[in-house]
Amino acid sequence: MFAENNGKFQLRPAVGSSVKIAIAGDVCPHKSAEEYLLAGNAGKILAGIKPALEAADVRIVQWETVISDTADPITKCGPNLLVKPGCEAFLTEGKFDIALMANNHTGDHAGAGVISTMNIIKAAGVQTVGAGINAADAAKPLRFERNGIKFSLINVCEMEFGTAREDYPGANAMQEYEVPRQIAAENKVSDFVFVVIHGGNEYNPIPSPRMRNLYRTFVAAGAKLVMNIHTHCPQGMEVVNGVPIVYCPGNFFFSDGAEFDPASFWWSGYLPKFTCDKNGVSEIEITPYVYSPNPWKIETLTGAQRQWFLEYIDKISSLIEPEGDHLYDIWCVSRYKMPLWWIQNAPAEALQTNHLDDEALKLFPAVRHMLTCQSHNELTRNIFLLLEQKKIDKLTEELPYLTELRTARFAEQQP
């Protein structure tokens, strides 16, 4: 797919005018990266990847943190991310046109944090999509036009934390039955409708069966491009009825305080650029990169390292259909104790006695996560089936195969 064609994959010849759209993965300039960014170093961070960004007509990125001077952390699973105003310089330096906000960190600091983030990004001249002052506002597609082509971008996230409600700001929670209706409605007013989702199992290089089936449903409903972001590692892609489904490009620039490890895919990914016309996507080009601290920077891979990465994307893409279900079972085994821990620590008795018990409510999010987040629900259901079928031990023997797929080895190649 990509390795034989220097990072490009042509689906068909372009027809008429076209637009190149680049969509970058998760961005959270946290901790030391925040300090470096606020010191005026956005240009230094982005210098290595900037030529690839500037080759696109439209630049889109997943913005995965609150921007505010005020912390108001909600009760949830995982960290409550927050950066100071001024970090939006990353967006302006990268000349990003659109910030995706449907994700599990947009609402980390309550409704005021959502509104602060939207206002600051918009004031920087960047459009937002996937979040709003209430659920109806958050669900609105973003419509824009380039080179005579009318686009509609639908941005949704799985039902984790910080999602918008009827009367409360937040991210756009995905209703699976609603997205196909929205795609059909947008196809009546736009030439090119595409969907970007924030979901999936973190650190899993292969998409789950539910993801594959759902995203193919979006294609059947009329989407001309479907892309997922969230897994903190690159996943592959497939083409269904001429429509590309990109399962995840990996992090774009996400600093969490961990020590740099090039063997961890947390630190690397690929930037996809889609050549789009009124009939859909005619070509995909991917640019592999690695980001690192001391000083913070994003650099494109070259030579043998680039070639290794292209071959890796080809490999994991080739595994999606023939081995996807089995690899997902192996992945579930690697996490099978997690839902059991959630159940063991569920504060059921305390909440039955006093549903306002603050200490019990702090334990509640893990259980809610298991029930409401689509990917965690799928994980839990499949783990229970594997336990019932007594397959855990047998699948455990195959964990080394999954571990190898999760290991980045481009740094072992000569630059």
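Draft legend 1. Representation of the packing of helix 7 (residues 178-186) against helix 8 (residues 209-221) within the structure. With their axes 9 Å apart at the nearest point, helix 7 and helix 8 run at an angle of 25° to one another. Of the possible angle classes, the one that applies to helix 7 and helix 8 is roughly parallel. The two elements helix 7 and helix 8 meet at a crossing, and its hand is right-handed. Side by side, helix 7 and helix 8 meet where Val179, Pro180, Ile183 and Ala184 of the first sit next to Thr217, Phe218 and Ala221 of the second.

Draft legend 2. Seen up close, helix 8. Across its 13 residues, helix 8 extends 18 Å between first and last C-alpha, which sits within 8% of the 18 Å expected from 1.5 Å per residue. Pro209, Arg210, Met211, Arg212, Leu214, Tyr215, Phe218 and Val219 are the residues of helix 8 that are buried.

Draft legend 3. The arrangement of the environment of lysine 394 in detail. Note that lysine 394 resides in helix 14 (residues 392-396). Note on lysine 394: relative accessible area 56%, which makes it exposed.

Draft legend 4. Region of the structure containing the sheet that holds strand 14 (residues 237-240). If you walk across this open sheet you meet the six strands as 9-10-12-13-15-14, and the pairing is mixed. The sheet is open, and its two borders are formed by strand 9 (142-146) and strand 14, each paired with just one other strand. For this sheet, the mean inter-axis angle between neighbouring strands, taken without regard to orientation, is 20°. Judged from the four bridges that link them, strand 14 and strand 15 (residues 243-246) form a sheet pairing that is antiparallel. What sits directly across from glutamate 238, in strand 15, is isoleucine 245. Sheet strands in contact with helix 7 are strand 9, strand 10 (149-157) and strand 12 (192-198), and its direction is about 165° off that of strand 10.

Draft legend 5. Main features of the packing of aromatic side chains. Evaluation of the coordinates by the stated rule reveals 28 aromatic pairs. Taking 6.3 Å as the distance between ring centres and 90° as the angle between the ring planes, the aromatic pair formed by phenylalanine 96 and phenylalanine 252 counts as edge-to-face. With phenylalanine 96 in the loop between helix 4 (89-93) and strand 6 (98-100) and phenylalanine 252 in the loop between strand 15 and strand 16 (253-254), this residue pair connects regions lying 156 residues apart in the sequence. The same class applies to phenylalanine 96 as to phenylalanine 252, namely buried. The rings of Phe90, Phe96, Phe252, Phe253, Phe260, Trp267, Tyr289, Tyr291 and Trp296 are connected pair by pair, giving a single aromatic cluster. Over the face of the ring belonging to tyrosine 168 we find arginine 165, whose NZ or CZ atom lies 4.2 Å from the ring centre.

Thresholds applied
- Residues numbered from 1 in each chain as written.
- Predicted model: local features only at pLDDT ≥ 70, side-chain atom pairs only at ≥ 80, totals over all residues.
- Heavy atoms only, no water.
- Axes fitted to C-alpha atoms, helices over the stretch in contact; angles between N-to-C directions.
- Helix = DSSP H or I, 4+ residues; strand = E, 2+ residues; numbered from the N terminus.
- Parallel < 35°, antiparallel > 145°, perpendicular 65-115°, else oblique.
- Left-handed = near helix turned anticlockwise from the far one by under 90°.
- Contact = heavy atoms within 4.5 Å.
- Expected span 1.5 Å × (residues − 1).
- Buried < 20%, exposed > 50% of the residue type's maximum accessible area, 1.4 Å probe, protein only.
- Pairing = 2+ DSSP bridges.
- Phe/Tyr/Trp six-rings, centres within 6.5 Å; stacked < 30°, edge-to-face > 60°.
- Lys NZ or Arg CZ within 6 Å of the ring centre and 35° of its normal.

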